[in-house]
Amino acid sequence: MSKLLKPFAPQLEKLERRLFLKRSLSLGALTMLSGCTLRDEDSVDRLLLAMSRFNDRAQAALFDPARLAPTFAESEITTPFPFNAYYEEPLAPTVDAAGWRLELSGRIDDKRPWRIEDLQALPQAEQITRFVCVEGWSAIGRWRGTPFAGFLRRIGADLSARYVGFHCADRYSSSIDMASALHPQTLLVTDFPGGSKYGAPLRLRIPTKLGFKNPKFITEIFVSDDNPGGYWEDKGYNWFSGS
Amino acid sequence: MTTTGSEPQDAAPPSPELSPGAHSVFVRLAHWVNAFAILVMILSGWRIYDADPFLGFSIPRDFTLGGWLAGALAWHFAAMWLLVANGLAYLVYALASGHWRDLAPTGGLWRDLAAALAGMLDHVPGRYNAVQRWLYLFAMGCIILAVVSGVAIWKPVQFQELTSVLGGYEGARRWHFAAMTGLVAFLIVHVAAALSAPHVLKAMIRGRAGQTP
């Protein structure tokens, strides 16, 4: 304590003590707010949301577009691969591939819808990578499909736009940043040897992001400069969710 | 907190700079910021663990923070910056000020441990016995392991070498849990010791050393 403040030491001490009490009370209040949904208009939720947006930017800065996700041997594949969605497995949709069309919208030059055969005729790539769920568990799987970057170029997507969004047949939705969309391991999967419940006829496989950023049963892809959010993202999960 | 301590209330207390065993303002601030950050990390971490309880048991919801997985993750990934920023500031301070010498592990651990277990070990604020020094080193080791394994879980692609060193993604999860377990074990001893020697707790709040009872 400085000489100047010394005469006021007892008062300062009392003040400090009061501040400590106040601090412990507000700590108690914070733990009371544990049921926050991140949508309430209170200051703690606003702070947590602001930190989540900060974490979006931090993760975008950490993202190296040339850095490949580790790949694994065939013997390491998890079988059966866990089914996961915002609903139980019996409710997974069965999409009629013959009548299905991939719709395109937003900042894309050629918005003609795609049939599944035409997507399957595009250059194919395969990967065995780790799928990491936001819940913590992980599983190693094999995915085959066309690299998303090549597809985006082919349809004349504005690659300087910020976001790529997805709408799905199961009313799911999600969106990713353009840099991650252009990553060489990001695939449009059209092959479902494990069964249609894993997202047939079309799903996204993006091993640089958490599982919920890998939408299944895709019906529409759009390119935008406004963050489209998504099913889980709008409920408070971190938007970028990169690995 | 009682408002009537053993110190005289009207007389000016000795200034902390002159008092042996005082904690500097920085050390006190860093301690309580760290305590808050660690508490948030542990309680929200327990809720995150519950989303996939890979060790076969769950933590009761009442002892977790965040309400549901998204809330717990939001707390966890907000408080991690506070924990890391505060921890780095503390390390820089400890090295620059020479405070690290007060905490550097010394001999006499078994003698002090025996005394501590017999309830005969004195706690003098700011002067650390061998048991404390080793315990604080252990706690810091746990925090560093928690941060490093946490980064490995968070970024298993961008920091894949780190994740690999920790036995891959699933290995890193187990290291992260082990670091938390170590910290909780430390906290049980640390809080029990602080409560059994209230003058030490007061010193960490007010900075001055109280009289040893």
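Not measured: the values here are computed from a predicted model.

A few points about the overall build of chain A
Part 1 of the reasoning: Summing up its helical and strand segments, chain A has five helices and eight strands in all.
Part 2 of the reasoning: Seen in sequence order, chain A has helices and strands lined up from the N terminus as α-α-β-α-β-β-α-β-β-α-β-β-β.
Part 3 of the reasoning: For chain A, with 243 residues in total, the buried portion stands at 47%.
Part 4 of the reasoning: Of the contacts made within chain A by residues no fewer than 6 positions apart, 66% connect residues no fewer than 24 positions apart.
Part 5 of the reasoning: On chain A, roughly 12000 Å² of surface is accessible, and the fraction owed to carbon and sulfur atoms is 57%.

Focus on the packing of aromatic side chains
All names here are of chain B.
Part 1 of the reasoning: What the rule picks out here adds up to 29 aromatic pairs over all chains.
Part 2 of the reasoning: Judged by centre distance (5.1 Å) and plane angle (50°), the rings of Tyr49 and Phe177 are tilted. In this pair, Tyr49 is assigned in helix α1 (residues 25-50) and Phe177 in helix α7 (residues 168-196), connecting sequence segments 128 residues apart. There is no split in this pair, since Tyr49 and Phe177 are both buried.

What to know about the sheet that holds strand β7 (residues 203-205) of chain A
Residue and element names in this part refer to chain A.
Part 1 of the reasoning: Taken in spatial order, the four strands make up an open sheet running β2-β3-β6-β7, and their pairing is antiparallel. In the strand order of this sheet, the two ends are held by β2 (125-132) and β7, each with one partner. Sheet twist, expressed as the mean angle between neighbouring strand axes with direction ignored, is 55°.

Let's talk about the side chain of A:Ser173
Residues and elements named next belong to chain A.
Part 1 of the reasoning: Relative to the assigned elements, Ser173 resides in strand β5 (residues 173-177).
Part 2 of the reasoning: Using a relative accessible area of 18% as the deciding quantity, one classes Ser173 as buried.
Part 3 of the reasoning: In this view, Ser173 contacts Phe166, His167, Gly230, Tyr231 and Glu233; residues no more than four positions away in its chain are not counted.

With respect to the sheet that holds β5(A)
All names here are of chain A.
Part 1 of the reasoning: Strand order in the open sheet formed by four strands is β1-β8-β4-β5, with mixed pairing between adjacent strands. The two strands at the open ends of the sheet, each matched to only one other strand, are β1 (103-106) and β5. Taken over all neighbouring pairs, the strand axes of this sheet differ in orientation by 20° on average, direction set aside.
Part 2 of the reasoning: Summarising the sheet, strand β4 (residues 163-168) and β5 pair through five bridges and their orientation is antiparallel. Along β5, the bridge assignment pairs Val164 with Ile176.

Quick notes on the pairing of β5(A)
Residue and element names in this part refer to chain A.
Part 1 of the reasoning: For β5, a buried count of five out of five residues is recorded, marking the element as mostly surrounded by other parts of the structure.
Part 2 of the reasoning: Residues Ser173, Ser175 and Asp177 point to one face of β5 and Ser174 and Ile176 to the other, with burial holding for every one of them.
Part 3 of the reasoning: Counting the residues between successive antiparallel strands, the hairpin from β4 to β5 contains four residues, one of them, Arg171, with a positive phi of roughly 65°.

Comments concerning the confidence of the model for chain A
Part 1 of the reasoning: Here chain A shows a mean pLDDT of 89. Residues at 70 or above account for 83%.
Part 2 of the reasoning: Scored below 50 in pLDDT, residues 17-35 of chain A shows 21 contacts in the model against residues more than four places distant or in partner chains.

Some words on the pattern of salt bridges
All names here are of chain A.
Part 1 of the reasoning: For the structure shown, the criterion picks out 19 salt bridges over all chains.
Part 2 of the reasoning: In this structure, Asp56 and Arg53 form a salt bridge, with 2.9 Å as the shortest nitrogen-oxygen distance. Of this pair, Asp56 and Arg53 both sit in helix α2 (residues 43-62), three residues apart, which is roughly one turn of the helix.
Part 3 of the reasoning: Under the relative-accessibility criterion, Arg53 is labelled partly exposed at 35%.
Part 4 of the reasoning: Taken together, the shared-partner salt bridges in this structure form one network comprising Glu74, Glu126, Arg142, Arg144 and Asp191.

Examining the layout of surface pockets
Part 1 of the reasoning: Estimates place the volume of the second largest pocket at around 1200 Å³.
Part 2 of the reasoning: Along its surface, the second largest pocket is lined by 50 residues, and B:His76, B:Phe77, B:Gly150, B:Ile153 and B:His176 are the ones closest to its centre.
Part 3 of the reasoning: Those elements giving two or more residues to the lining of the second largest pocket turn out to be α2 of chain A together with α1, α2 (69-97), α5 (130-154) and α7 of chain B.
Part 4 of the reasoning: With 10 residues, α2(B) is the single largest residue contributor to the lining of the second largest pocket.

Focus: the packing of α1(B) against α7(B)
Residues and elements named next belong to chain B.
Part 1 of the reasoning: Put simply, α1 and α7 touch, their axes get as near as 11 Å, and they point 130° apart. Classified by the interaxial angle, the pair formed by α1 and α7 is oblique. As for how α1 packs across α7, the hand of that crossing is left-handed. Residue-level contacts link His31, Ile38, Ile42, Trp46 and Tyr49 of α1 to Phe177, Met180, Leu183, Val184, Leu187 and His190 of α7.
Part 2 of the reasoning: Across the contact of α1 with α7, the residue classes tally to nine nonpolar, two polar and no charged.

Focus: the side chain of B:Asp52
Part 1 of the reasoning: Locating B:Asp52 in the fold gives a position in the loop between α1 and α2.
Part 2 of the reasoning: Apart from the residues lying within four places of it in its own chain, the contact partners of B:Asp52 are A:Glu135, A:Gly136, A:Trp137 and B:Arg173.

Considerations on a nonpolar patch on the surface
All names here are of chain B.
Part 1 of the reasoning: On the surface, a nonpolar cluster with roughly 240 Å² of combined accessible area is contributed by Val84, Leu88 and Leu91.
Part 2 of the reasoning: Within the secondary structure, Leu91 is located in helix α2.
Part 3 of the reasoning: Assessed through its relative accessible area of 39%, Leu91 is described here as partly exposed.

Concerning the environment of A:His183
All names here are of chain A.
Part 1 of the reasoning: Turning to its location among the elements, His183 is positioned in the loop between α5 (178-181) and β6 (187-189).
Part 2 of the reasoning: On the basis of relative accessibility, which here comes to 1%, the residue His183 falls in the buried class.
Part 3 of the reasoning: Along the primary structure His183 and Phe148 are separated by 35 residues, whereas in three dimensions their C-alpha atoms are 8.0 Å apart.
Part 4 of the reasoning: For His183, the contacting residues outside a window of four places in its chain are Phe63, Asp64, Pro65, Arg67, Leu68 and Thr208.

Calculation notes
- Residues numbered from 1 in each chain as written.
- Chains lettered and ligands numbered in written order.
- Predicted model: local features only at pLDDT ≥ 70, side-chain atom pairs only at ≥ 80, totals over all residues.
- Heavy atoms only, no water.
- Helix = DSSP H or I, 4+ residues; strand = E, 2+ residues; numbered from the N terminus.
- Buried < 20%, exposed > 50% of the residue type's maximum accessible area, 1.4 Å probe, protein only.
- Contact = heavy atoms within 4.5 Å.
- Areas by Shrake-Rupley, 256 points an atom, 1.4 Å probe, with all protein chains shown as cover.
- Phe/Tyr/Trp six-rings, centres within 6.5 Å; stacked < 30°, edge-to-face > 60°.
- Pairing = 2+ DSSP bridges.
- Axes fitted to C-alpha atoms, helices over the stretch in contact; angles between N-to-C directions.
- pLDDT = per-residue confidence, 0-100.
- Salt bridge = Lys/Arg side-chain N within 4 Å of Asp/Glu carboxyl O.
- 1 Å grid on protein atoms, 1.4 Å probe; cavity = no way out; pocket = protein on both sides within 12 Å on 5 of 7 lines; lining within 4 Å.
- Points joined across faces, edges and corners; volume = space filled by probe spheres on them.
- Parallel < 35°, antiparallel > 145°, perpendicular 65-115°, else oblique.
- Left-handed = near helix turned anticlockwise from the far one by under 90°.
- Nonpolar A, V, L, I, M, F, W, Y, C, P; charged D, E, K, R; others polar.
- Patch = residues over 30% accessible without salt bridge, like charges linked within 9 Å, V, L, I, M, F, W, Y side chains within 5 Å.

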